Each structure stands twice: as C-alpha cells, then as structure tokens.
Amino acid sequence: MSDGSGVARRIAARSVAKRESGYADEIRRLIDAGRTVMAGSGHASVPRVADIVAAAGLSNDAFYRHFRSKDDLIAAILEDGTDRLCSYLDHQMGKEGTARGRVVRWVEGVLSQAQDDSAQTTRAVLWNVGSVNQEVMSSPPSVNARLAELLHEPLGELGSGDPVFDARLISNATVGALSDYLWRKVSPTAHDISRIVSACFRLLG
C-alpha cells in the first residue's frame, strides 16, 4: 500500500508552480511599472520605489521579495530591454537571405531605438543606469556583448577573420552612435543610417 508520498509530492509541486507563476507576474509588473515611471520622470528625477510599487499595484513587501534595492530593479529593466531588443533584431535579421542584408538589418534595428516612439524610454532607462552601483551592473552580460553575438554568424559568412572581435567593434560603434542620437534628442536620417552601415562594413576591411 502506498504511503501517500507520491500524492504529497504532486500537491507540493503544484503549490510551488502556482507560487512561482505568481512571483513571475509580480516581477513582470514591477519591471513594466519601473520602465513606465522612468519614462515619465525623464531626466527630472530618479523614481522612488514607492512610485514604482504604486504604478505596479503592489506592496513594498512584493518589491523587496524580488529585488534587494532599486538598483537591482534598474539592472533587471536594462536586461529585460536588451532581451527585447535582441529578439527584435533576430526577427528582423531573419527576414534577410544574405549575410550583408542581416548586418544592415541589425544596424537599422539598433538605431531604431532613437526613433521618437522608443527614444524617451530608452534615454530614461540609460540615464537611470548611470547612477546604479557598478557591482550590480557587473552581473549580467553587457548590452554591447549581447548585441554583438547576433553578428558573429553573418560576419563569418562575409569573410571576417575574427567575427567575435569584429562584431564587438561594430556593436561598440553603432551603440555609441545610438547614444549620441539619444542624448542629442534627434533621430538618425536614412542618410545617417546608410553612412553608419558603410562604416561598419569598412571595419571588416
């Protein structure tokens, strides 16, 4: 006769899964609320935990259950934004049948973050990241490194002798240009993007 341990394990597993699902929802709400509050604050002020919690419709207890500090949340917002951008770039690059076309799509996608519809949020998040404890920011891979990984394969196909190194150069140059557009509060023109694409290919020699 069974001692019931199998039933106990199934019920415990179900309870854990339910709790994890609830926690994931709380984290998602806090990240989204943090991004929204930051975009609304712009460069005027650093948002408070209280503002973020209120926007998420959660409690301080919920916040500190998942994040040790506001710096932790800002790092999570940056990582989440990088995930979204990488997913978007991967989708755009997948539309191209040539390695050159994929690189062009990558450059265009990165620079699209300076367009009006996303520039304010991107600028606000980066401004807040600048005040975060560097020990916190050293944990996840850098934005440039994550973006550069998407270029390894097409650059190899284009004949790069060191696609990892060249991808880093192109990523650093393009993200640097993006930062310049963001802080000047202007969007790159089609001509600007074309020049940056040409510069990236020149880096390949």
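Residue numbers here run from 1 along each chain, matching the order of that chain's written sequence. In keeping with the model being predicted, local features are shown solely for residues with a pLDDT of at least 70 and side-chain atom pairs are shown and tallied solely at 80 or more, while totals for entire chains, interfaces and linings include all residues. Heavy atoms throughout the structure, all of them, feed into the side-chain values; hydrogens and water do not.

Draft legend 1. Local environment of the overall build of the chain. For the purposes of this entry, the term helix denotes a DSSP run of H or I that reaches at least four residues, the term strand denotes a run of E that reaches at least two, and both are numbered from the N terminus. In terms of helices and strands, the chain carries 11 helices and zero strands. Relative accessible area decides the class of each residue, using a 1.4 Å probe on protein chains only: under 20% of the type maximum gives buried, over 50% gives exposed, and in between gives partly exposed. A burial count over the chain gives 41% of its 205 residues as buried. Put simply, 71% of the contacts in the chain that link residues at least 6 apart link residues at least 24 apart. Of the roughly 11300 Å² that the chain leaves accessible, carbon and sulfur atoms contribute 51%. In this description, contact between two residues means that some pair of their heavy atoms is separated by no more than 4.5 Å. The method behind every accessible area is Shrake-Rupley, applied with a 1.4 Å probe, and residues are considered shielded solely by the protein chains displayed.

Draft legend 2. Summary view of the UniProt feature "DNA-binding region" (unreviewed entry) in the chain. Under the feature "DNA-binding region" (unreviewed entry), the UniProt entry names residues 48-67. The annotated region residues 48-67 carries 75% helix and 0% strand content, and the separation between its end C-alpha atoms amounts to 14 Å. UniProt positions are given in the numbering used here, feature names are shortened, and annotations may be inferred rather than shown by experiment.

Draft legend 3. Layout of the packing of aromatic side chains. Side-chain rings of Phe, Tyr and Trp, where Trp is taken by its six-membered ring, are said to pair if the distance between their centres is within 6.5 Å; with planes under 30 degrees apart they count as stacked, over 60 as edge-to-face, and otherwise as tilted. Enumeration over the complete set of coordinates arrives at two aromatic pairs. With a centroid separation of 4.9 Å and an interplanar angle of 75°, the aromatic rings of Phe-63 and Tyr-64 are classed as edge-to-face. You can call Phe-63 buried: its relative accessible area is 0%. Aromatic side chains Phe-63 and Phe-67 sit 5.6 Å apart centroid to centroid with 45° between the ring planes, which places their arrangement in the tilted category.

Draft legend 4. Highlighting the side chain of Thr-174. Positionally, Thr-174 belongs in helix α10 (residues 163-184). Looking at Thr-174, the relative accessible area reads 0%, which means it is buried. Setting aside chain neighbours within four positions, we find Thr-174 in contact with Trp-106, Val-107, Val-110, Leu-111, Ile-196 and Cys-200.

Draft legend 5. Spotlight on a nonpolar patch on the surface. Patches here are clusters of residues that have more than 30% relative accessible area and form no salt bridge, with a 9 Å joining cutoff for like charges and a 5 Å cutoff for nonpolar side chains (Val, Leu, Ile, Met, Phe, Trp, Tyr). Any carboxyl oxygen of Asp or Glu that lies within 4 Å of a side-chain nitrogen of Lys or Arg is treated as forming a salt bridge with it. Taken together, the side chains of Val-46, Leu-126, Trp-127 and Trp-183 define a hydrophobic patch exposed on the protein surface, amounting to about 330 Å² of accessible area. In this fold, Trp-183 is placed in helix α10.

Draft legend 6. Fine view of the nonpolar core. Of all hydrophobic cores here, the largest spans 28 residues; its most connected members are Trp-106 and Leu-147. With seven residues, α10 is the single largest residue contributor to this core. Ignoring anything within four residues of it in the chain, the contact list for Leu-147 reads Leu-85, Cys-86, Leu-89, Trp-106, Val-110, Ser-171 and Val-175. Only buried residues count toward a nonpolar core. Its members are Ala, Val, Leu, Ile, Met, Phe, Trp, Tyr and Cys residues joined through side-chain atoms within 4.5 Å. The next biggest cluster of nonpolar side chains, apart from the first, holds 22 residues, and it includes Leu-30, Ala-62, Leu-73 and Val-132.

Draft legend 7. Layout of the environment of Ala-33. Position of Ala-33 among the secondary structure elements: in helix α1 (residues 5-41). Overall, the relative accessible area of 6% leaves Ala-33 in the buried class. For the pair formed by Ala-33 and Ile-77, sequence separation is 44 residues and the distance between their alpha carbons is 9.8 Å. Once residues within four sequence positions are removed from consideration, Ala-33 is found in contact with Ile-52, Ala-55 and Ala-56.

Draft legend 8. Spatial organisation of the packing of helix α4 (residues 70-93) against helix α6 (residues 116-129). Note on geometry: axes are lines fitted to C-alpha atoms, helical ones only across the stretch in contact, with angles between N-to-C directions running from 0 to 180 degrees. As a packed pair, α4 and α6 sit with axes 10 Å apart at the nearest point and diverge in direction by 140°. As judged from the angle between their axes, α4 and α6 are oblique. As for the relative orientation of α4 and α6, their crossing is left-handed in sense. Within the contact between the two elements, α4 uses Ile-74, Ile-77 and Leu-78 and α6 uses Val-125, Leu-126, Asn-128 and Val-129. Note that Gly is not counted as nonpolar here; it falls among the polar residues with everything else outside the nonpolar set of Ala, Val, Leu, Ile, Met, Phe, Trp, Tyr, Cys and Pro and the charged set of Asp, Glu, Lys and Arg. Here the residues of the contact of α4 with α6 sort into six nonpolar, one polar and no charged. Any angle from 65 to 115 degrees is called roughly perpendicular, while one under 35 is roughly parallel, one over 145 is roughly antiparallel, and all others are oblique. Take the far helix as your reference; a near helix turned counterclockwise from it by less than a right angle gives a left-handed crossing, and one turned clockwise gives a right-handed crossing.

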